[in-house]
Amino acid sequence: MNALVICSGGLDSVSLAHKVATEQKLIGLLSFDYGQRHKKELGFAAICAKRLGVPHQIVDIRDVGRNLSGSALTDNVDVPDGHYAEDSMRITVVPNRNAIMLAIAFGVAAAQKADAVATAVHGGDHFIYPDCRPAFIDAFQTMQNHALAGYADICLYAPYVNISKADIVSEGAKYATPFEATWSCYKGGARHCGRCGTCVERREAFDLAGITDPTDYEDADFWLHAIQTRSA
């Protein structure tokens, strides 16, 4: 399977790139600049592509992103601290983001004669993001089957859609993913903040997987408070 991987530079998508490079044929990484405040993640995607020896393309959709207003990822809105599964994290939703990116990726994949577009959406995203759920993945595949009928036959490969981030960490370790060369923090500072939803989820995932977390956090212990607050 010749696969094009959508890679943000985060732990999930970089792990997926290593999985595809090992199990299939990785033909390239595709990233998107949609005006995200944590744009530094794109540099980690570039590093991943260089490490795996494949082309890397960043698609500029900042003009689109400017119209997807109201999210803490793109607007001048504070990124909330706390566990990823709290209602407060809904402010990080960028409307239709995955649908937009996937539609572009399928067009690129068709032009490059790829067999698959791989995305790292996972089970932990289901609570907040509707375009990370299995029903969306299935529906998007059906839509693309119609959109490319008679022109290309491309599979939407989403191997993580029903597993947790801890499972991704375990699998990423199996494929020698350099976790220290990935970026998760939504605040986009010099170091991972350790307090936003993605940092808390990342730290928790390593703990659940029983794997040492190499990430440098500004607040390395906040995740314990966030978990206790959520379960209280």
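Residues numbered from 1 in each chain as written. Predicted model: local features only at pLDDT ≥ 70, side-chain atom pairs only at ≥ 80, totals over all residues. Heavy atoms only, no water.

Colleague: Hey, could you go over the UniProt feature "binding site: ATP" (unreviewed entry) in the protein for me, with residue numbers and the actual values?
Modeller: The sites that carry the UniProt feature "binding site: ATP" (unreviewed entry) are, in the present numbering, Cys7, Ser8, Gly9, Gly10, Leu11, Asp12, Ser13, Val14, Ser15, Leu16 and Ala17. The annotated residues contributing to the lining of the largest cavity are Cys7, Ser8, Gly10, Leu11, Asp12 and Ser13. Here glycine 10 is to be found in the loop between strand 1 (2-6) and helix 1 (11-23). According to the relative accessible area criterion, glycine 10 is buried, its value standing at 7%. With residues near it in sequence (within four places) discarded, glycine 10 still touches Thr182 and Trp183. Position of leucine 16 among the secondary structure elements: in helix 1. (UniProt positions renumbered as here; feature names shortened; annotations may be inferred. 1 Å grid on protein atoms, 1.4 Å probe; cavity = no way out; pocket = protein on both sides within 12 Å on 5 of 7 lines; lining within 4 Å. Helix = DSSP H or I, 4+ residues; strand = E, 2+ residues; numbered from the N terminus. Buried < 20%, exposed > 50% of the residue type's maximum accessible area, 1.4 Å probe, protein only. Contact = heavy atoms within 4.5 Å.)

Colleague: Account for the pattern of salt bridges, naming residues and giving values.
Modeller: In the structure shown here, the tally under the stated rule is nine salt bridges. Note that glutamate 23 and lysine 19 form a salt bridge whose closest N and O atoms lie 3.2 Å from each other. Separated by four residues within a single helix, glutamate 23 and lysine 19 lie in helix 1, roughly one turn from each other. You can call glutamate 23 partly exposed: its relative accessible area is 37%. Notably, a salt bridge pairs arginine 62 with aspartate 60, separated by 2.7 Å at the nearest N-O pair. Judged by relative accessible area, which is 34%, arginine 62 ranks as partly exposed. Residues participating in the shared-partner salt-bridge network are Asp33, Lys39, Asp60 and Arg62. (Salt bridge = Lys/Arg side-chain N within 4 Å of Asp/Glu carboxyl O.)

Colleague: Describe the pairing of strand 2 (residues 25-33), naming the residues involved and giving the relevant values.
Modeller: On a regular strand, each side chain points to the face opposite its neighbour's, so the side chains alternate between the two faces of the sheet. For strand 2, a buried count of seven out of nine residues is recorded, marking the element as mostly surrounded by other parts of the structure. The sheet contact formed by strand 1 and strand 2 spans five bridges and is parallel. Across the sheet, valine 5 pairs through a bridge with leucine 29, a residue of strand 2. Traced from strand 1 through helix 1 to strand 2, the parallel crossover comes out right-handed. When strand 2 meets strand 3 (residues 56-60), the two strands line up parallel, connected through five bridges. (Pairing = 2+ DSSP bridges. Right-handed = clockwise from strand over helix to strand, strands pointing away.)

Colleague: Help me get a handle on the packing of aromatic side chains, residues and values and all.
Modeller: Going through the model one piece at a time under the given rule, you end up with four aromatic pairs. The interplanar angle of 45° and the centroid separation of 5.7 Å between the aromatic rings of phenylalanine 136 and phenylalanine 140 together place this pair among those described as tilted. Here phenylalanine 136 pairs with phenylalanine 140, and both are found in helix 5 (residues 134-147), just four residues apart, close to one helical turn. Per residue, the accessibility class of phenylalanine 136 equals that of phenylalanine 140, and both read buried. Look at phenylalanine 179 and phenylalanine 206: their rings are 5.1 Å apart centre to centre, the planes differ by 90°, and that puts the pair in the edge-to-face class. Pair noted here: phenylalanine 179 is in the loop between helix 6 (165-174) and helix 7 (197-209) and phenylalanine 206 is in helix 7, with a separation of 27 residues, a long-range link. One aromatic cluster is present, built from ring pairs that chain together Phe106, Phe136 and Phe140. Of note, arginine 195 hangs over the ring of phenylalanine 222, and the distance from its end group to the ring centre comes to 4.0 Å. (Phe/Tyr/Trp six-rings, centres within 6.5 Å; stacked < 30°, edge-to-face > 60°. Lys NZ or Arg CZ within 6 Å of the ring centre and 35° of its normal.)

Colleague: Break down the UniProt feature "binding site: Zn(2+)" (unreviewed entry) in the protein for me, with residues and values.
Modeller: Residues annotated by UniProt as "binding site: Zn(2+)" (unreviewed entry) correspond here to Cys185, Cys193, Cys196 and Cys199. The residues contacting cysteine 193, other than those within four sequence positions of it, are Cys185, Lys187, Cys199, Glu218 and Asp219. For cysteine 199, the contacting residues outside a window of four places in its chain are Cys185, His192, Cys193, Gly194 and Tyr217.

Colleague: Pulling in residues and values, what's your account of unusual backbone geometry?
Modeller: Most peptide bonds take the trans configuration, and most residues that are not glycine carry a negative phi. The residue lysine 113 is not glycine, and still its phi comes out positive at about 60°. Position of lysine 113 among the secondary structure elements: in the loop between helix 4 (97-111) and strand 4 (116-118). Judged by relative accessible area, lysine 113 falls into the exposed class, the value being 59%. Here alanine 176, not a glycine, exhibits a phi torsion of approximately 60°, which is positive. In this structure, alanine 176 sits in the loop between helix 6 and helix 7.

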